[in-house]
Amino acid sequence: MAPELMANPMIEYAKRMTLAEGISSTPDIRAVYEVVLQALNEQG
């Protein structure tokens, strides 16, 4: 993942939310979770 994305305040905000909270508050955030999960799976 690009370093500038890791320093983004929205990433920090998203990391504190559960998936259900994120999708219920803003359905568009699902794309963010998918990218984060993909990156985490690639690291593991």
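Bear in mind that the values here come from a model prediction, so they are computed numbers and not experimental data. (Residues numbered from 1 in each chain as written. Predicted model: local features only at pLDDT ≥ 70, side-chain atom pairs only at ≥ 80, totals over all residues. Heavy atoms only, no water.)

**Student:** Even after reading the chapter, I still don't get the overall build of the chain, so can you show me in this structure?
**Tutor:** The secondary structure content of the chain amounts to four helices and zero strands. In the form shown here, the chain has an accessible surface area of approximately 3,600 Å², with 60% of it arising from carbon and sulfur atoms. (Helix = DSSP H or I, 4+ residues; strand = E, 2+ residues; numbered from the N terminus. Areas by Shrake-Rupley, 256 points an atom, 1.4 Å probe, with all protein chains shown as cover.)

**Student:** Please explain the environment of Y33 as it appears in this structure.
**Tutor:** Locating Y33 in the fold gives a position in helix α4 (residues 30–43). Look at Y33 and you get buried, because its relative accessible area is 12%. Spatially, the C-alpha atom of Y33 lies 8.7 Å from that of K15, the residues being 18 residues apart in sequence. When residues no more than four places from it in sequence are discounted, the contact partners of Y33 are A14, M17, T18, L19 and G22. (Buried < 20%, exposed > 50% of the residue type's maximum accessible area, 1.4 Å probe, protein only. Contact = heavy atoms within 4.5 Å.)

**Student:** Teacher, can you tell me more about the confidence of the model for the chain here?
**Tutor:** The predicted coordinates should not be examined in detail at positions where pLDDT is low. Residue-level pLDDT values for the chain average 79, and 84% of them are 70 or greater. Ranking the elements of the chain by mean pLDDT puts helix α1 (residues 3–6) last, at 66, and α4 first, at 86. (pLDDT = per-residue confidence, 0-100.)

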